[in-house]
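Examining the three-dimensional arrangement
In case you want the letters, here they are:
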Amino acid sequence: MSSQLILNDLSLWLDTNTKPLVISGPCSAESEEQVLETARELAKIENVKFFRAGVWKPRTRPNMFEGHGEEALKWLQIAKQETGLKTTVEVGNPQHVELSLKYGIDVLWIGARTVVNPFSIHEIAESLKGVDIPVMVKNPLNPDLSLWIGALERLNHSGITKLAAIHRGFDFFKKSTFRNAPMWEIPIELKRLFPHLPVFTDPSHIAGKRSLLTEIAQKALDLEMDGIMIESHWQPEKALTDAKQQITPSALNELIKNLILRERSGDFNFETKLEEYRSEIDRLDAEMIEILARRLNIVDAIGQYKKENNITILQLKRWSNIIQERLENGRNLGVSSDFLIKILELVHRESIARQAKIFHSRD
Ligand code: PEP
Ligand code: MN
C-alpha cells in the first residue's frame, strides 16, 4: 500500500546545514549533576544540536532502574536553559507526552518497544492532536517496515508534520557482532518511499559496544542517513543503563572529527539492492556456521559412540561413498567438484581431529 506523509519544511525544526547532525546525551537521566555535566560538554561540540536522555526507561524485567520521570524533566529544562541545546525524551504513553510538554521538551521520540504496538501508538497520536512538536520514531524491534511506517502515518494523521525516523537496528535471535542487526536495506527502503522524511541512525543501540560506533556512524553517512543519535555520558562506565555503549562527550567529539563526509550518490535503488544482497549473504553465512556447528556436534556424538563400542575412527569405505555422493550433488547445483572436495576434506579433517580427541580423553 503506497502512502504519503505530509511533512513540514525540515528547516523549521532541524539545522539542515549541520553535517552530520548529531543528537546525543545519556541513555538515562540519572541525576541533575550527570545531566548538566554531560550537556555542558556536549554543547561545546558544534554538530550536537539536540540533547537526549531517557527519563522513563522501558526495562525488560521489573525492579531495574526505570528512570526518574518528572524529576528528570526538570534537570533537562535546566540543561536547556543553560546550554541552549534542544531537548528530546522518549515517550511511551499519553502521560509521558503531557509531562514532556509541561517541561518544555522540544522533540519527542518513541522507542522501539512502543512502536511494535499500534494500540500504544494510537494513544500517543491521539494525545498529540493539536500539538505542534517534532516526533522521532524508532524502528520497531522486529524488522517490519510496515509497522514502522504505520507509526509514522498514525502520528501524521494526528497532525504531526515534523517527523523523523530513527534506525536503531533489529532484534536478532542469533548472537551476532551487533546488539541489534542493522539490516540497512530497511531504512534505505524507508528513505526511498519517503524521500523527504529525515532518517537518523542510532549507532549506540545497533552496536551495543563502544568499539563499533565509528564504523556504524560512518556507514550511516555513506548511506546518506540524515544524522546520528549517539549515547554519551560524563562517566560512561558508571552508567545505570547501557554502560557498554556510552562514550564521553570528548570521545564523541573525536568520533565526529574522524567521520568522512562523502559526496552523495543519490542512487537509492542501487544502494537498496546492494544492501539486500549483503544481508542475504550475512544470513547465509550465519546459517552455514550454525550448520557446521551442528554437524560437528553429531561428529562428536559418533566419536563417543564408536569409542564405547571399540570401533576405529576412520572408516574408509564410508568416506569414499560420502565423497562420491556429495560431488554428484554439488555438480547438480553448479558447485565445482574441485571447490567442494577442498571443503569436504577440511570438514573431514576437523571431524577426525575431534573424534581423535574424544578417543584419547579418559572419560
Ligand atoms: C534508548 O534510546 O535509550 C532506547 C531505549 O532505545 P530503543 O528504544 O532503541 O531500544
Ligand atoms: Mn539506551
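Residues numbered from 1 in each chain as written. Chains lettered and ligands numbered in written order. Predicted model: local features only at pLDDT ≥ 70, side-chain atom pairs only at ≥ 80, totals over all residues. Heavy atoms only, no water.

What follows covers the nonpolar core. Across soluble globular proteins, you tend to see nonpolar side chains buried next to one another. Residues L128, V135, W148, L155, L190, L197 and L252 are the most contacted members of the largest nonpolar core, which totals 70 residues. Take this core: its biggest share by element is 6 residues, from helix α6 (residues 145-157). Look past the residues within four positions of L155 in its chain and what remains in contact with it is I110, A125, L128, V135, V137, I160 and L163. (Core = buried A, V, L, I, M, F, W, Y, C linked by side-chain atoms within 4.5 Å. Buried < 20%, exposed > 50% of the residue type's maximum accessible area, 1.4 Å probe, protein only. Helix = DSSP H or I, 4+ residues; strand = E, 2+ residues; numbered from the N terminus. Contact = heavy atoms within 4.5 Å.)

Another aspect to go through is the site of ligand 1. Near ligand 1 you find C27, R52, K57, E90, W109, G111, A112, R113, K138, R168, H205 and E231, and these make up its full shell. One nitrogen or oxygen atom from the side chain of K57 is found 3.0 Å from an oxygen atom belonging to ligand 1. Here an oxygen atom of ligand 1 and a side-chain polar atom of R168 are 2.6 Å apart. For ligand 1, whose accessible area on its own is 300 Å², the fraction buried by protein is 96%. Across the shell around ligand 1, the residue classes break down as 3 nonpolar, 2 polar and 7 charged. (Near = heavy atom within 4 Å. Polar contact = N/O pair within 3.5 Å; in protein donor to acceptor, adjacent residues only side chain to side chain. Areas by Shrake-Rupley, 256 points an atom, 1.4 Å probe, with all protein chains shown as cover. Nonpolar A, V, L, I, M, F, W, Y, C, P; charged D, E, K, R; others polar.)

So, on to the pattern of salt bridges. Scanning all chains against the criterion turns up 20 salt bridges. For R52, the salt bridge goes to E231, with nearest N and O atoms at 3.4 Å. Remark: E231 occurs in strand β8 (residues 227-231) and R52 occurs in strand β2 (residues 48-52); sequence separation between them is 179 residues. Given a relative accessible area of 0%, E231 falls into the buried group. (Salt bridge = Lys/Arg side-chain N within 4 Å of Asp/Glu carboxyl O.)

This brings us to the layout of surface pockets. By volume, the largest pocket is sized at about 550 Å³. Along the wall of the largest pocket there are 23 residues; nearest its centre are S176, F178, A181, P182 and D282. Residue assignment for the lining of the largest pocket shows that the elements contributing at least two residues are α9 (213-222) and α11 (268-308). For the lining of the largest pocket, the class distribution of residues is 9 nonpolar, 3 polar and 11 charged. Each of domain 1 (10-266) and domain 2 (270-359) contributes no fewer than three residues to the lining of the largest pocket. (1 Å grid on protein atoms, 1.4 Å probe; cavity = no way out; pocket = protein on both sides within 12 Å on 5 of 7 lines; lining within 4 Å. Points joined across faces, edges and corners; volume = space filled by probe spheres on them. Domains from an automatic or database assignment.)

Let us now look at the domain arrangement of the protein chain. Annotation of the protein chain at the domain level lists domain 1 (10-266) and domain 2 (270-359). Computed over C-alpha atoms, the centres of domain 1 and domain 2 are 44 Å apart. The interface of domain 1 with domain 2 comprises 9 residues on the first partner and 8 residues on the second. A per-residue breakdown of the area domain 1 buries against domain 2 is headed by K174, E185 and I188, which together make up 53% of the total. At the junction of domain 1 and domain 2, the tally comes to 1 residue pair in polar contact (both at pLDDT 80 or more). It is helix α7 (residues 185-193) that provides the largest number of residues to the side of domain 1 that touches domain 2, a total of 3 residues. For the side of domain 1 that touches domain 2, the class distribution of residues is 4 nonpolar, 1 polar and 4 charged. (Buried area = accessible area lost by both parts, 1.4 Å probe.)

Leaving glycine aside, a negative phi is the common case for residues, and trans is the common case for peptide bonds. Between K19 and the following residue, P20, the backbone shows a cis peptide bond with an omega angle of -10 degrees. Assignment of secondary structure puts P20 in the segment before β1 (21-25). A positive phi is found at E224, a non-glycine position, where the angle reads about 65 degrees. The topology assignment puts E224 in the loop between α9 and β8. Judged by its relative accessible area of 7%, E224 falls in the buried class.

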